[in-house]
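Chain and residue survey
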Amino acid sequence: MFKKDISASPKQKLKSSVQRSLRQSLLSTYPLMTPYIDEILPKKASLESMKLPDRNTLYVLESEPLFYQQDTAGLLPHLRLVHRFPQAFPTIRIDRGAIRFVLSGATLMAPGLTSQGGRLPMEGAAQSLEEGKELDQRADEEGRWSRELAKGEPVVIMAEGKQEACAVGILVAGTAEVKAKGKGPVVEDAHFLGDGLWKLGAE
(Lines give C-alpha, C1' and ligand atoms only; values in the text may rest on other atoms or scores of the structure.)
Protein backbone atom coordinates (compact mmCIF):
# COMPACT_ATOMS: atom_id res chain seq x y z
CA MET A 1 0.00 0.00 0.00
CA PHE A 2 2.89 2.38 0.78
CA LYS A 3 5.45 0.91 -1.61
CA LYS A 4 6.21 4.33 -3.11
CA ASP A 5 7.71 7.26 -1.24
CA ILE A 6 5.18 9.63 0.32
CA SER A 7 5.66 13.38 0.62
CA ALA A 8 4.49 15.03 3.82
CA SER A 9 1.25 16.99 3.61
CA PRO A 10 -0.09 19.69 5.96
CA LYS A 11 -1.22 18.44 9.39
CA GLN A 12 -4.56 19.29 10.98
CA LYS A 13 -5.13 19.50 14.71
CA LEU A 14 -7.91 17.20 15.91
CA LYS A 15 -10.72 18.31 18.19
CA SER A 16 -10.61 16.83 21.68
CA SER A 17 -13.89 14.95 20.99
CA VAL A 18 -12.25 13.26 17.97
CA GLN A 19 -9.19 12.41 20.08
CA ARG A 20 -11.41 10.84 22.72
CA SER A 21 -13.22 8.66 20.20
CA LEU A 22 -9.89 7.60 18.64
CA ARG A 23 -8.61 6.67 22.09
CA GLN A 24 -11.72 4.53 22.73
CA SER A 25 -11.39 2.91 19.33
CA LEU A 26 -7.72 2.06 20.02
CA LEU A 27 -8.49 0.49 23.37
CA SER A 28 -11.34 -1.64 21.99
CA THR A 29 -9.17 -2.83 19.06
CA TYR A 30 -5.97 -3.24 21.09
CA PRO A 31 -6.93 -4.02 24.72
CA LEU A 32 -3.27 -4.80 25.50
CA MET A 33 -2.54 -1.12 24.98
CA THR A 34 -4.51 -0.22 28.14
CA PRO A 35 -1.46 0.00 30.49
CA TYR A 36 0.35 2.30 28.01
CA ILE A 37 -2.46 4.46 26.62
CA ASP A 38 -1.62 7.55 28.71
CA GLU A 39 1.96 7.36 27.48
CA ILE A 40 0.92 6.81 23.85
CA LEU A 41 -1.92 9.32 23.82
CA PRO A 42 -1.81 11.63 26.85
CA LYS A 43 -5.19 13.17 27.67
CA LYS A 44 -3.91 16.73 27.11
CA ALA A 45 -2.03 15.76 23.96
CA SER A 46 -2.52 17.63 20.71
CA LEU A 47 -3.04 14.90 18.13
CA GLU A 48 -2.78 15.84 14.45
CA SER A 49 -3.87 14.09 11.26
CA MET A 50 -2.17 14.03 7.88
CA LYS A 51 -3.76 12.95 4.61
CA LEU A 52 -1.86 10.22 2.74
CA PRO A 53 -2.37 8.67 -0.72
CA ASP A 54 -5.11 6.05 -1.31
CA ARG A 55 -7.53 7.64 1.19
CA ASN A 56 -5.24 6.95 4.15
CA THR A 57 -4.90 9.19 7.19
CA LEU A 58 -1.87 9.22 9.49
CA TYR A 59 -2.26 10.30 13.12
CA VAL A 60 0.76 12.10 14.54
CA LEU A 61 1.65 13.31 18.04
CA GLU A 62 4.49 15.85 18.30
CA SER A 63 5.83 14.65 14.92
CA GLU A 64 5.81 11.01 16.16
CA PRO A 65 3.63 8.83 13.87
CA LEU A 66 1.20 6.68 15.87
CA PHE A 67 -1.52 5.14 13.70
CA TYR A 68 -2.92 5.16 10.21
CA GLN A 69 -6.36 4.40 8.84
CA GLN A 70 -7.73 3.77 5.36
CA ASP A 71 -11.15 5.33 4.79
CA THR A 72 -13.27 4.19 7.72
CA ALA A 73 -11.38 0.93 8.29
CA GLY A 74 -9.80 0.14 11.67
CA LEU A 75 -6.76 1.90 13.05
CA LEU A 76 -3.41 0.23 12.41
CA PRO A 77 -0.24 1.02 14.37
CA HIS A 78 2.74 2.65 12.68
CA LEU A 79 5.79 0.40 13.06
CA ARG A 80 7.55 3.05 15.16
CA LEU A 81 4.80 2.68 17.76
CA VAL A 82 4.99 -1.13 17.57
CA HIS A 83 8.74 -0.93 18.24
CA ARG A 84 8.10 1.21 21.33
CA PHE A 85 5.30 -1.01 22.71
CA PRO A 86 5.77 -4.48 21.15
CA GLN A 87 3.76 -6.23 23.89
CA ALA A 88 0.61 -4.23 23.02
CA PHE A 89 -0.20 -6.06 19.76
CA PRO A 90 -0.97 -9.65 18.68
CA THR A 91 1.83 -11.20 16.64
CA ILE A 92 2.65 -13.93 14.14
CA ARG A 93 6.17 -14.76 12.93
CA ILE A 94 7.54 -15.43 9.47
CA ASP A 95 10.55 -17.61 8.68
CA ARG A 96 13.81 -16.18 7.33
CA GLY A 97 12.89 -17.06 3.76
CA ALA A 98 9.77 -14.88 3.79
CA ILE A 99 11.48 -11.74 5.13
CA ARG A 100 12.68 -10.33 1.80
CA PHE A 101 9.25 -10.85 0.22
CA VAL A 102 7.42 -9.09 3.02
CA LEU A 103 9.96 -6.24 2.94
CA SER A 104 9.31 -5.76 -0.78
CA GLY A 105 5.57 -5.40 -0.22
CA ALA A 106 4.54 -8.89 -1.37
CA THR A 107 1.46 -10.58 0.08
CA LEU A 108 2.39 -12.75 3.08
CA MET A 109 1.58 -16.35 2.18
CA ALA A 110 0.86 -19.22 4.58
CA PRO A 111 4.08 -21.27 3.99
CA GLY A 112 6.16 -18.46 5.54
CA LEU A 113 4.24 -19.05 8.80
CA THR A 114 3.69 -22.82 8.80
CA SER A 115 7.36 -23.72 8.19
CA GLN A 116 9.78 -24.51 11.01
CA GLY A 117 10.88 -20.88 11.47
CA GLY A 118 7.35 -19.49 11.36
CA ARG A 119 5.10 -19.05 14.39
CA LEU A 120 1.31 -19.22 14.50
CA PRO A 121 -0.75 -19.32 17.73
CA MET A 122 0.04 -22.25 20.05
CA GLU A 123 -1.71 -25.61 19.73
CA GLY A 124 -4.91 -25.62 21.75
CA ALA A 125 -5.01 -21.80 21.75
CA ALA A 126 -8.35 -20.23 22.71
CA GLN A 127 -10.55 -19.72 19.67
CA SER A 128 -11.61 -16.23 20.72
CA LEU A 129 -11.00 -13.59 23.34
CA GLU A 130 -12.86 -14.19 26.59
CA GLU A 131 -14.53 -11.10 28.02
CA GLY A 132 -12.66 -9.77 31.02
CA LYS A 133 -9.50 -11.68 30.02
CA GLU A 134 -8.33 -9.33 27.27
CA LEU A 135 -5.13 -8.48 29.13
CA ASP A 136 -4.19 -12.15 29.61
CA GLN A 137 -3.26 -12.77 25.97
CA ARG A 138 0.44 -12.84 25.05
CA ALA A 139 3.14 -14.68 23.13
CA ASP A 140 5.01 -17.55 24.80
CA GLU A 141 8.82 -17.92 24.75
CA GLU A 142 8.54 -19.57 21.36
CA GLY A 143 6.69 -16.56 19.95
CA ARG A 144 3.32 -18.32 19.65
CA TRP A 145 0.27 -16.19 20.49
CA SER A 146 -2.10 -17.48 23.18
CA ARG A 147 -5.27 -17.33 21.08
CA GLU A 148 -6.26 -17.83 17.46
CA LEU A 149 -6.49 -14.58 15.51
CA ALA A 150 -9.53 -13.95 13.35
CA LYS A 151 -9.83 -12.89 9.72
CA GLY A 152 -10.04 -9.09 9.56
CA GLU A 153 -8.00 -8.64 12.74
CA PRO A 154 -4.89 -6.40 12.78
CA VAL A 155 -1.65 -8.28 13.36
CA VAL A 156 2.04 -7.45 13.83
CA ILE A 157 4.48 -9.55 11.81
CA MET A 158 7.70 -10.58 13.55
CA ALA A 159 10.58 -12.26 11.70
CA GLU A 160 12.75 -15.25 12.59
CA GLY A 161 16.05 -14.12 14.10
CA LYS A 162 14.99 -10.46 14.39
CA GLN A 163 14.08 -8.57 17.57
CA GLU A 164 11.78 -5.93 16.09
CA ALA A 165 8.61 -6.26 14.05
CA CYS A 166 9.01 -5.99 10.29
CA ALA A 167 5.42 -5.35 9.19
CA VAL A 168 1.83 -4.76 10.28
CA GLY A 169 -1.41 -5.50 8.45
CA ILE A 170 -4.86 -7.08 8.47
CA LEU A 171 -5.37 -10.86 8.37
CA VAL A 172 -7.21 -11.98 5.23
CA ALA A 173 -7.44 -15.49 6.75
CA GLY A 174 -7.79 -16.53 10.38
CA THR A 175 -4.81 -18.29 11.98
CA ALA A 176 -6.79 -21.52 12.58
CA GLU A 177 -7.60 -21.64 8.85
CA VAL A 178 -3.95 -20.94 7.94
CA LYS A 179 -2.85 -23.90 10.12
CA ALA A 180 -5.48 -26.17 8.56
CA LYS A 181 -4.87 -25.23 4.92
CA GLY A 182 -1.17 -24.35 4.96
CA LYS A 183 -1.51 -22.30 1.77
CA GLY A 184 -2.98 -19.09 0.45
CA PRO A 185 -2.61 -15.40 1.36
CA VAL A 186 -2.52 -14.37 5.04
CA VAL A 187 -1.77 -10.60 5.02
CA GLU A 188 -2.01 -8.29 2.00
CA ASP A 189 -1.01 -4.64 1.69
CA ALA A 190 1.06 -4.57 4.86
CA HIS A 191 2.94 -1.50 6.14
CA PHE A 192 6.55 -2.72 6.29
CA LEU A 193 10.02 -1.51 7.31
CA GLY A 194 11.48 0.79 4.67
CA ASP A 195 8.19 1.55 2.88
CA GLY A 196 6.91 5.06 2.13
CA LEU A 197 5.10 5.33 5.45
CA TRP A 198 8.19 4.25 7.41
CA LYS A 199 10.41 6.77 5.55
CA LEU A 200 7.85 9.53 6.02
CA GLY A 201 8.03 8.93 9.77
CA ALA A 202 11.81 9.30 9.63
CA GLU A 203 11.73 12.94 8.41
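Note that the structure is a prediction, hence the values are computed from the model and not measured. (Residues numbered from 1 in each chain as written. Predicted model: local features only at pLDDT ≥ 70, side-chain atom pairs only at ≥ 80, totals over all residues. Heavy atoms only, no water.)

Digging into the overall build of the protein chain
Along the backbone of the protein chain there are seven helices and 10 strands. The C-alpha radius of gyration of the protein chain comes to 17 Å, within 12% of the 17 Å expected for a compact globule of 203 residues. For the C-alpha atoms alone, the extent of the protein chain along its principal axes is close to 45 × 40 × 30 Å. Across the 203 residues in the protein chain, those meeting the buried criterion constitute 49%. Residue pairs at least 24 apart in sequence account for 58% of intrachain contacts in the protein chain once pairs closer than 6 positions are excluded. Working note: accessible area of the protein chain is about 10,700 Å², and carbon and sulfur atoms make up 50% of it. (Helix = DSSP H or I, 4+ residues; strand = E, 2+ residues; numbered from the N terminus. Rg over C-alpha atoms; globule rule 2.2 N^0.38 Å. Buried < 20%, exposed > 50% of the residue type's maximum accessible area, 1.4 Å probe, protein only. Contact = heavy atoms within 4.5 Å. Areas by Shrake-Rupley, 256 points an atom, 1.4 Å probe, with all protein chains shown as cover.)

Thoughts on the UniProt feature "domain: Pre-PUA" (unreviewed entry) in the protein chain
Here the UniProt feature "domain: Pre-PUA" (unreviewed entry) sits at residues 2–86. Between the end C-alpha atoms of residues 2–86 there is a gap of 22 Å, over a span that is 28% helix and 28% strand. (UniProt positions renumbered as here; feature names shortened; annotations may be inferred.)

A few points about the packing of aromatic side chains
Summed over all chains, the structure comprises four aromatic pairs. For the ring pair Y36 and F85, a centre distance of 5.3 Å and an interplane angle of 40 degrees mean the geometry is tilted. With a gap of 49 residues between them, Y36 in the loop between helix 1 (16–29) and helix 2 (37–40) and F85 in the loop between helix 3 (79–84) and strand 6 (91–94) connect regions that are remote in the sequence. Judged on exposure class, the residue Y36 and its partner F85 are both buried. Three or more aromatic residues link up through ring pairs in this structure, and these residues are Y30, F67 and F89. The aromatic ring of W198 is capped on one face by R80, whose charged end is 3.8 Å from the ring centroid. (Phe/Tyr/Trp six-rings, centres within 6.5 Å; stacked < 30°, edge-to-face > 60°. Lys NZ or Arg CZ within 6 Å of the ring centre and 35° of its normal.)

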